[in-house]
Structure formats: C-alpha cells, structure tokens
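Survey of secondary and tertiary structure
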Amino acid sequence: MTTPWPVRLHAPARRPAPESTLVSFLSPGAGWLLAAALERKLIKQPWGGNEWLKSRYSGHVLSLSCPCLSRMLYLLRFLLLSCWSLLPLAGRAQPTLTPAQWRQDLQATLDSLLQKDRSFRPAEAAAFRSRITALRDSVALKTTPELIVGLARAMALSGNAHTRLYLVRNRTALRRYPIRVWWFAEGLYIVKTTPAYAELLGAKVEQLAGHDPEKLHQWVTPLFAGSPTWARYMSTYSLTSPEILQGLRLLGQQDPLRVRVRMRGGGVRTVQLSPLPFAPTNQPTEAWWDLAPTHPGRGARWQSVLPADTTKLPLYLRRPQQGFWQQYLPTEQTLYVHYNRAGNLPGQPPVDSVGRQILRQLRTRPVRKVVVDLRFNTGGNLEVGQAFFEALGKATQQCGAQLYGLVGRATFSAGLYHLAQLRLAGATLVGEPAGDSLDYWAEGGNWVLPHSGLMLHYADRFHSYSAAPHPEVPPAQVWLDLAVPDLTPTVPVLLRAQDYLAGRDPLLERVLAP
C-alpha cells in the first residue's frame, strides 16, 4: 500500500499565488515536476542533479531574458497544478521519498533549525543534533512513518510546545481513521464518527491496536512537547492517525486498526477500521471541534453523539464556529463571554465591536458574575483582544461583579495570555490546567523541508508570564513580561463523559452554583 505523502507547494517569490486558487499539497512527481520539465525544455536548462529542484523549492525563480516567456511558463505551471487539483485524492497520494531525499531533508533540519529556533537549551540542542544525525544515518533502514515519528520526537526535545512538526493539527499531512475521540475523566471515548460507524458513538475505547489507551498515550506523548494536559489534547490526533501508529511500530503498514470498545448500551465489541482517504489541507484542525455536534470538521461527513439541536446543548457547545460572543443569563444575573479564537475572524463581527457590546452590558444590566470561557482558545493574535481584556477586568471590578475564567487543556498560546490577564484582574479560574506553562517560547515562523514538504515551526520570542527571573534570555528576545502568580485552576473541575453525554457543563454549573 502506498503511503500518501504531501509536498508543500511554494509559489515563485516574485509572483505569490493566492492559496484559494492553488492546491497546497502535491506529488513531486506530478504537476510541479511536469511543469518544471517543460520549462527546462523551453529554456534549455540542464538537469544538473538536484540543485535546480532545490532552488525551485526554496522559492528562487530562474532569470529569463524574455518577460513574455517567463509569464507564459508561470501560467503553464498554474494550469497544470490547477488540473492536478481536480484529480481524486488517491491520485494525489505521494510515493515514499528516496533515501537520498530524506537524508537531504534531515541534513537541512540539522543545518538550519537551531539557527532559527531559540527554545533549545544547550543540552537539548545537543540531544537534537544527535537524534537527527542518527535518523539521517539510518534512513535506509526506516519506513516513512518511522522517519516522521523520529523527526517529531526530535523537535519535541526542546520541551517547548510551540516548537513542533506540523502533522495534523496546524496542517494536515497524515491520514486519519473514521472516528474522533476525546479524553474524559473516565477515559477515552468516541464522540464523532463517519455515518458508517455511527453505532460506535458514545462508546468507551478499551483497546487500540491491541493496547490500552493509557499506554498508547504514553507512547505518543513524546511526539509533542507541552504540559500534561496539552499532551492529552494532542494525543487525540496521534491515536487516530495510521502513520503515527505505524511509525511507533504498533501497526503494520497494511494492517487495519483493531478497536475494542465498550458500547454505550452495554457489551463489548471489536471493530476493524481502515483510514479515510488522504485529505491534505494547510488549514488548522482543532480536536475540540469534535465535541460540538454542529461543527462540520474536516476530511469527511461527521456524525456526533450529541444532538444537533443547539437548544439541547450547553452554552459552550452552541456556537463552535463563532469566535467571540456573549450571552446574558437573567436568572443568574451572569454575563457569559465565549472567546475560542484570538483574533478577528472573516465574516464575523470584529473583537472590538463585540467587546464594546460586552462592556455596555456591564453598565446597563444587573451583573453579579462575569464568566469568560477560554477552554477552547488555542491562540491566534493576542494583540487583538489585549485592550478588551484589560478593560473587562477594570469594568468588572467597578460594577462589583465576580470575575471567572473557564480553562481547559486547549487553552494555549494567546489563549493562555488572556487567561493570565484575567488572573491579574483577580479572576477565579475554573476547570483543568491549561495547555502550557507560564513561561514559553513562541512567535517565530514556519519552515518547509525541501523534498517531503513537512512543515516545522520554530520559536524565537520568549513569553514570561511568571515572576521568575530568566537571565539566560536576552532582553531583545522577550516578547511579553508579566508577573502572574499562578494559572492553576482555583476550582479544579474535570469534564466527565457522563456529563458530556447528558448535555451538561460542570464548569459553568460550578460557577453558577449559589
């Protein structure tokens, strides 16, 4: 069975192509190389080994003496790639790279990553070099999934959650199975499936690939750095990806995934799952979407264990595609604010506008409690909501209301910063620990490997939210410096499967309790 493998397409540096019209993942043996071959024919460019291809992947464009010819060749590439995007997904499956190509990708990682990233301390950097060197030198002995897993492990040696290999969450570079899972207090449960496996909805997973889910969780945790709760969040992707299970040598490349579940109505059942068709995308996919029945998700048509009728859902699951909204609860005299993505989203009211409505509610309505729900805020642009959160803290104090912040494993990056703002304003934090520590490296950028198209994210600015000194960090690399005493939930509350399946929100219920 051929393992699908995406390659990131780079438009020429001087003529950036809109991502809405160009397919972002292609086979290097298909449209791109066909266009390249035709270009060589027209301009009589010698093949000369891999150097020309490497320069093309790096975004360099050959200098042509005829501007019209250059424009014609660019249009030719565009047409070929557009036609390629119309092929079925199976037609876009990429064959495994050659050992030489993998060695070049790993050597590029070895040469460049530590020059860009600042999160590796000396010992971790040495371990990273050793790990990548060993991986490079053993390429001929490893499968593609094993190389992917090895690279992810090496990136995670930084101990910094923002320093990572993009595989499923930020970009989809792997296949997945037709189930979606979530860790509850009682264990791992299936919360969404494709229609063919709807009978599994609400079932508790007892074994995956012949192993206990908790044991599997321990094996996939080293692929991504971060807090224990962030490891829980990221494992829901890893446990449902065949390439990751194959890379860990838990599953053969042609083996179906055997899943043993305890059915919601009682009884134990074992099913065999085959991967969904390869559906690459350069758009993020959040695991928390799987808790919300009205969110369409990606890669397939999904069916939820919960009803799609939003009137039967708790507040936090009613508007999953709306980034910032509020609702006043008159009986409880509570203002509920939900912020699940930091920044302004296309087609939605800007954060400033929604923020003004919220502050106006505080001035015009009787409010005893203000609840800000950040449990699903995995980040974005913290500067967009920064002023609002400062104003909210002050306005809440002025009207004499109690301020609460709802926090969870997906509270990460910019979401963590806004949680810190609430804490500095005197908020009571309710939920489970956030997805990162108080001090971490972020910002940075993405870097694409030349042959595999794998995308690495490096971090180069330090966020210091605790009061702890960090003399090892140059002042020029400090992005934000706060003095938050702690972000551990004041009122710890875990989401239980029985509460979720009953359509209850124990976090908000705890806040609203007399």
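For the structure itself, look to the data block above.
Now for a quick tour of the structure. (Residues numbered from 1 in each chain as written. Predicted model: local features only at pLDDT ≥ 70, side-chain atom pairs only at ≥ 80, totals over all residues. Heavy atoms only, no water.)

1. Focus on helix α10 (residues 351–364)
Note the threshold: Where helices and strands are cited, they refer to DSSP runs of H or I of at least four residues and of E of at least two residues respectively, numbered from the N terminus. Expected span of a helix, by definition, is 1.5 Å for each gap between consecutive residues, and there is one gap fewer than residues. The rule is simple: take the accessible area with a 1.4 Å probe, protein chains only, and divide by the maximum for that residue type; under 20% is buried, over 50% is exposed, in between is partly exposed. Picture the helix axis, draw a direction to every C-beta atom, and the arc is the one those directions span.
With 14 residues, α10 extends 20 Å from end C-alpha to end C-alpha; this agrees with the ideal 20 Å at 1.5 Å per step. When α10 is considered as a whole, its buried residues turn out to be V351, V354, G355, I358, L359, Q361 and L362. The buried side chains of α10 occupy one side of the element, clustering within an arc of 150° when seen end-on. Those residues of α10 that are exposed and aimed more than 90 degrees away from the buried face are D352, R363 and T364.

2. Brief notes about the side chain of D105
What counts, and what does not: Working rule for contacts: check all heavy atoms of both residues, and any pair within 4.5 Å makes them a contact.
Along the chain, D105 turns up in helix α4 (residues 99–116). Apart from the residues lying within four places of it in its own chain, the contact partners of D105 are L97, L449, P450, H451 and S452.

3. Thoughts on the sheet that holds strand β19 (residues 478–481)
How we decide: Only strands that DSSP links by at least two bridges are regarded as paired with each other. Orientation is described by axes fitted as lines to C-alpha atoms, over the contacting stretch for helices, and by angles from 0 to 180 degrees between their N-to-C directions.
In spatial order, the strands read β15-β18-β19; together these 3 strands make up an open sheet with mixed pairing. The sheet is open, and its two borders are formed by β15 (439–442) and β19, each paired with just one other strand. For this sheet, the mean angle separating the axes of adjacent strands, direction not counted, is 20°. The pairing of β15 with strand β18 (residues 461–464) spans 4 bridges and is classified as antiparallel. Opposite Y440, over in β18, you have H463 as the bridge partner.

4. Details of the pattern of salt bridges
Put simply, the rule reads: Only one rule defines a salt bridge in this text: a Lys or Arg side-chain nitrogen within 4 Å of an Asp or Glu carboxyl oxygen.
Counted according to the given criterion, the structure contains 15 salt bridges. Across the salt bridge formed by R121 and E124, the nearest N and O atoms sit 2.7 Å from each other. According to the relative accessible area criterion, R121 is exposed, its value standing at 56%. Taken together, the shared-partner salt bridges in this structure form one network comprising R496, D499, R504 and E509.

5. Focus: the sheet that holds strand β3 (residues 164–166)
An order of β3-β17-β16 is seen for the 3 strands of this open sheet, with the pairing classed as antiparallel. Strands at the two margins of the open sheet, each flanked by one partner only, are β3 and β16 (445–448). Strand-to-strand twist in this sheet, taken as the mean axis angle between neighbours without regard to direction, amounts to 35°. Two strands pair when backbone bridges link them, and β16 and strand β17 (residues 455–458) are joined in this way by 4 bridges, in the antiparallel orientation. Following the sheet pairing, V448 is matched in β17 by M455. Contacting β16 and β17, α4 crosses the sheet at an angle of about 170° to β16. Contacting β3 and β17, helix α6 (residues 144–156) runs over the sheet at an angle of about 145° to β3.

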